[in-house]
Amino acid sequence: MQGSSANNSALPIEERYHPGKEVYRRLHEESLENPEKFWNEHAGIIEWYRRWEKVLDDSNPPFYRWFVSGKLNLSYNCLDRNIKNHRRNKAAYIWIAEDGTEKIVTYRGLHKRVNVLAAVLRDLGIQKGDRIVIYLPMLLEAPVAMLAAARIGAPFSFVFAGYGASALSERIRDSGAKLVITSDGGFRGGKVVELKKVVDEALQETTSVENVIVVKRTGTEVDMVESRDLWYHDLVADRNDYVEPEVMDSNDPLYILYTSGTTGKPKGVVHGTGGYAVWVANTLEWAFGPTEDDRWWCAADVGWVTGHSYIVFAPLILGLTSIMYEGSIIHPGPDRLWKIVQDYAVNLLYTSPTAIRTLMRYGVQYARMHDLSSLRVLGSVGEPINPAAWQWYYTNIGKDRCPIIDTYWQTETGGFVMAPANGISLPLLKPGSVTFPMPGIDPVIYGEEGAEVKPGEKGYFAIRKPWPGMFLTLNNDPDRFRSAYFDKFNGAYYSGDFAIRDQDGYYWLLGRADEVLNVSGHRLGTIEIEDAIITSEEVAETAVFGKPDPVRGESIVAFVVVKDGFTGDLNLGNAIKGRIRETLGPIYIPHEIHFVSSLPKTRSGKIMRRVVKAVALNQVPGDISTLENSVSVDEIRDAIEEFRKESG
Ligand code: WT7
């Protein structure tokens, strides 16, 4: 079996690659030794209006600039370039509604829709450099909006539809958006999720937005604010515009995508145009090796970076046909995902460990209901994939013949940075390892003191050299860009993740090393959740941490101390959860809330979250010599014990 290393472990590592291994090695070596030559060739994946003068400007680290003075437009590369050739009538997207309705949009059709919306945006006064916010569920209008914005050079900020009003308004404020594109709502798991209402609430806290475009999807009643709110279908009716793509500089921003860090304030990750495009298109080719006739299904939400890079930009640049599915993968039954694979003969499936574990839990019988023989490559992203899930995916879904492409990357990296290069030459796989770096990536694992660790030792994952897909900066915060990512290890990009490189040179990404949780592949800041809980008037103090969870990866646990005069009970717990749903959004709702009378603190009054977590998880809390009160520790233990009894 390809996935096992045991029977090969006697061979030197190079011998364990499949035939063609030399190609990967040569390419990776060349990418680091002669980046100029390497990227001059690989930037040809994009059609440029004007060629760059210099591959990389590294004169002002960490503000690296790729393909200096190169000019391009990504809407052009995704659409116009494809309709000039044999892809004119090829499906760009096969969109499947949760109720099974399907819509196929060809490259020509997508070009038309994008041009019309681009013209509408122009008519509403959006110009090059203006920002827009997109707050949409999994509708075709999402890629249309992103591409229309790219066409006119208006950086967009997509806010995932699972965020609540305060999260949305914060992103609108920070990005300074002039316009919001949303929908009345969306369908998920057979239910309606209302979105326009959330926008209305968010806009009460902001001043920059002049217009809201509303896509009609659910038919839910919405309040349309006179002269501010406009129906999408009214705006695009009977139009047939062509909008000349704006000539963008390689280092003009394409989008801002907010993600969680170690403070309460989300980071506005700014991606550029040229380097980003070169990176996402090449990495999709290298990792998955798609062919012209493949059906590609990236089963992520378009509102996350996975969707930006691998539902929208990379597959369209490569001219692929993508499946885009509106709803829940277990609706109306646990075989939904497998049914889509069969019905649309999906060749390349890219999903998350959380999804795999969920489907695994329902059982293999649901996969067996459908013919999965079209599958050729299986991908994974979002968190470390545990060997058991890897094996299940490999054996039961891929029938021992589809490689598992475990891709490690982040919002900041733009595209895959570590993944088996199936499109170049597949290495032997080890379940749970991302194997090797993509060409152009120079990974390094540092110890606490900043020295490289030895093989087999756990350390902090960093990348030594810049790569084209890396973000340009943090919106409105270049200082944080530097301090959060480049100061810790002397100018190298620090990821915030732990990793190990084993004796064979394989990399294993082990999860976050900072105060960031990974819940079902969603990246959530501990402090964000604590900040939201603390705004409840009943709450005096709180400590939030992630608890290992067999399906979600981590679940959110909160310990809460109430103010005098209030009672910490089930009602208050539910009230807090309800408020978090409204403000941060449903993905942030704590799975457990425990009330205690005090929290372990240092003598200087700092809450020791590390101790709370260790005690709650029944681990050794480490050094607690600076602890102010030990009673709190016993209380945490009791609360957990109680909870265990209650939940059986
Ligand atoms: C964090 C980034 C990049 C797309 C989705 C998440 C974790 C992601 C893997 C993987 C181990 C992974 C890391 C990373 N992560 N993929 N294959 N193996 N960990 O993007 O929201 O920016 O989250 O997800 O902890 O730092 P994101």
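Before going further, it helps to spend a moment on the overall build of the protein chain. The helix and strand tally for the protein chain stands at 19 helices and 30 strands. For 648 residues, the compact-globule formula gives about 26 Å, and the C-alpha radius of gyration of the protein chain, at 24 Å, lands near that figure. Out of the 648 residues belonging to the protein chain, those deemed buried represent 61%. Nonlocal contacts in the protein chain, meaning residues at least 24 apart in sequence, comprise 71% of its contacts between residues at least 6 apart. Here the protein chain has roughly 24800 Å² of accessible surface; of this, 48% comes from carbon and sulfur atoms. Positive and negative charge centroids in the protein chain, built from 71 and 84 side chains respectively, lie 3 Å apart.

Time to look at unusual backbone geometry. Across the junction of proline 61 and proline 62, the peptide omega takes the value 0°, indicating a cis bond. Tracing the chain through its elements places proline 62 in the loop between strand 1 (54-57) and strand 2 (65-68). One non-glycine residue with positive phi stands out, namely lysine 399, at about 50°. Its location among the elements puts lysine 399 in the loop between helix 14 (387-397) and strand 20 (404-407). We classify lysine 399 as partly exposed; its relative accessible area is 46%. We note that asparagine 618 has phi near 65°; this positive angle belongs to a residue other than glycine. Topologically, asparagine 618 is positioned in the loop between helix 18 (609-616) and helix 19 (631-646). Relative accessible area serves as the criterion here: at 60%, asparagine 618 is assigned to the exposed category.

Let's shift gears to the domain arrangement of the protein chain. Domain annotation for the protein chain reports domain 1 (124-247) and domain 2 (520-647). Listed per partner, the contact involves nine residues of domain 1 and ten residues of domain 2. The contact between domain 1 and domain 2 buries some 550 Å² in all, and 49% of this surface belongs to carbon and sulfur atoms. Applying the counting criterion to the domain 1 and domain 2 interface returns zero salt bridges. The interface formed by domain 1 and domain 2 includes five residue pairs in polar contact (both at pLDDT 80 or more). The element contributing the most residues to the side of domain 1 that touches domain 2 is helix 6 (residues 165-175), with four residues. Counted by class, the side of domain 1 that touches domain 2 contains four nonpolar, three polar and two charged residues.

Let us look at the site of the ligand. Around the ligand, the surrounding shell holds 17 residues, and the nearest of these are Asp406, Thr407, Thr411, Asp497 and Arg523. Threonine 407 has a polar backbone atom sitting 2.7 Å from a nitrogen atom of the ligand. At 2.8 Å from an oxygen atom of the ligand is found a side-chain nitrogen or oxygen belonging to arginine 523. Protein chains shield 95% of the accessible area of the ligand, which is 560 Å² for the free molecule.

Conventions used here
Residues numbered from 1 in each chain as written. Predicted model: local features only at pLDDT ≥ 70, side-chain atom pairs only at ≥ 80, totals over all residues. Heavy atoms only, no water. Helix = DSSP H or I, 4+ residues; strand = E, 2+ residues; numbered from the N terminus. Rg over C-alpha atoms; globule rule 2.2 N^0.38 Å. Buried < 20%, exposed > 50% of the residue type's maximum accessible area, 1.4 Å probe, protein only. Contact = heavy atoms within 4.5 Å. Areas by Shrake-Rupley, 256 points an atom, 1.4 Å probe, with all protein chains shown as cover. Lys, Arg positive; Asp, Glu negative; His and termini not counted. Charge placed at Lys NZ, Arg CZ, Asp CG, Glu CD. Domains from an automatic or database assignment. Buried area = accessible area lost by both parts, 1.4 Å probe. Salt bridge = Lys/Arg side-chain N within 4 Å of Asp/Glu carboxyl O. Polar contact = N/O pair within 3.5 Å; in protein donor to acceptor, adjacent residues only side chain to side chain. Nonpolar A, V, L, I, M, F, W, Y, C, P; charged D, E, K, R; others polar. Near = heavy atom within 4 Å.

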